[in-house]
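Fold and geometry: a report
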Amino acid sequence: MQQRSKGLATKLLRELYINASIVVAEKRNYGLAGMAGPYACDLGIIAVPLGLPPIVDYLLTDAKRKGSVVLAVGRHTVYYTRGEQQIDKGFTDGGGCSRHENKARYRVEYLSELLGTTPKELNFSATPSYRIIWGGAQNYRREVLRIRKEIRKSYNHLLAQLIDADMLTEQEANELAPHIEFQVNDIRKDQSIALPKI
């Protein structure tokens, strides 16, 4: 990235959501885990008058598919595909499924570009994962608190790097706070004691 806009770092950080996954297990099933993929679906039928021209859909994606066209090149090439739906029955399908790629990962990549390094060398993850061995509610709360502090420390280290690189001011950093979301996967066999809310 030849031009390093100071305002870009602030915008990327304001829109950055840290999605931390936590697997809670007992010792005997420590190695087992499973998380759902980032899919979203919607269903619907749209009524339309007969005789209209075909409905044209454009789909943006960073995955090369059959018939896709390059829209923009860069670290992640963006493609688009064009589709048509003929209006011959008085309605059209308004639903479908799509896979949402991790926008947070892309934001971290751009932040690393601003710092002239790589995401790996940045020592920060927007999708960290943790395991907690169940030892009671109090221990669980303590571990979640430890994880939250660890994430905040990593985030503050990222801010410090951006300040040192003159990509962020002290005032801007003070106005920023990490958006942390937890995704908990409880794989304990004995779930008679519910996990405390976090």
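Above: the structure in question.
The model shown is predicted, which means the values in this text are computed figures rather than measured ones.

Attention now moves to helix α4 (residues 137-164). The first and last C-alpha atoms of α4 sit 41 Å apart over 28 residues, in line with the 40 Å expected at 1.5 Å per residue. Among the residues making up α4, those that are buried are Asn-139, Tyr-140, Val-144, Ile-147, Ile-151, Ser-154, Tyr-155, Leu-158, Leu-159 and Leu-162. Just downstream of α4 lies Asp-166, where phi reads positive at about 60 degrees.

Inspection of the entire model under this criterion finds eight salt bridges. Notably, a salt bridge pairs Arg-14 with Glu-175, separated by 3.6 Å at the nearest N-O pair. Separated by 161 residues along the polypeptide, Arg-14 in helix α1 (residues 6-14) and Glu-175 in the loop between α5 (170-174) and β10 (179-186) bring together distant segments of the chain. The shortest N-O distance in the salt bridge between Glu-150 and Arg-146 comes to 3.3 Å. Of this pair, Glu-150 and Arg-146 both sit in helix α4, four residues apart, which is roughly one turn of that helix. The partly exposed category is assigned to Glu-150, whose relative accessible area is 38%. Several salt bridges converge on common partners, so that one network encompasses Lys-11, Glu-15 and Arg-107.

For the structure on display, the rule yields three aromatic pairs. Ring geometry for Tyr-58 against Tyr-80: centres 5.9 Å apart, planes inclined by 55 degrees, an arrangement best described as tilted. Taken together, the residues Tyr-58 in strand β4 (residues 55-61) and Tyr-80 in strand β6 (residues 78-85) connect sequence positions 22 residues apart. Taking the relative accessible area as the measure of exposure, Tyr-58 reaches 55% and is therefore exposed. On the basis of relative accessibility, which here comes to 25%, the residue Tyr-80 falls in the partly exposed class. Here the basic side chain of Arg-188 rests over the ring of Trp-134, its NZ or CZ set 4.4 Å away from the ring centre.

If you look at the biggest cluster of nonpolar residues, it comprises 31 residues, and the most contacted ones within it are Leu-13, Leu-111, Phe-124 and Leu-162. Those elements that place two or more of their residues in this core are α1, β1 (17-25), α2 (103-114), β9 (129-133) and α4. With eight residues, the single largest contributor to this core is α4. Excluding residues within four positions of it along the chain, Leu-162 makes contact with Ala-9, Leu-13, Leu-111, Leu-115, Met-167 and Leu-168.

On to the sheet that holds β6. If you trace the three strands from one edge of the open sheet to the other, you get β4-β6-β5, paired in antiparallel fashion. Each of the sheet's edge strands pairs with one partner strand only, and the pair in question is β4 and β5 (69-72). On average, adjacent strands in this sheet sit at an angle of 35 degrees to one another, irrespective of strand direction. Pairing of β4 with β6 involves seven bridges; the strand directions are antiparallel. Residue pairing for β6: Leu-60 is matched across the bridge by Tyr-80.

How each quantity is defined
Residues numbered from 1 in each chain as written. Predicted model: local features only at pLDDT ≥ 70, side-chain atom pairs only at ≥ 80, totals over all residues. Heavy atoms only, no water. Helix = DSSP H or I, 4+ residues; strand = E, 2+ residues; numbered from the N terminus. Expected span 1.5 Å × (residues − 1). Buried < 20%, exposed > 50% of the residue type's maximum accessible area, 1.4 Å probe, protein only. Salt bridge = Lys/Arg side-chain N within 4 Å of Asp/Glu carboxyl O. Phe/Tyr/Trp six-rings, centres within 6.5 Å; stacked < 30°, edge-to-face > 60°. Lys NZ or Arg CZ within 6 Å of the ring centre and 35° of its normal. Core = buried A, V, L, I, M, F, W, Y, C linked by side-chain atoms within 4.5 Å. Contact = heavy atoms within 4.5 Å. Pairing = 2+ DSSP bridges. Axes fitted to C-alpha atoms, helices over the stretch in contact; angles between N-to-C directions.

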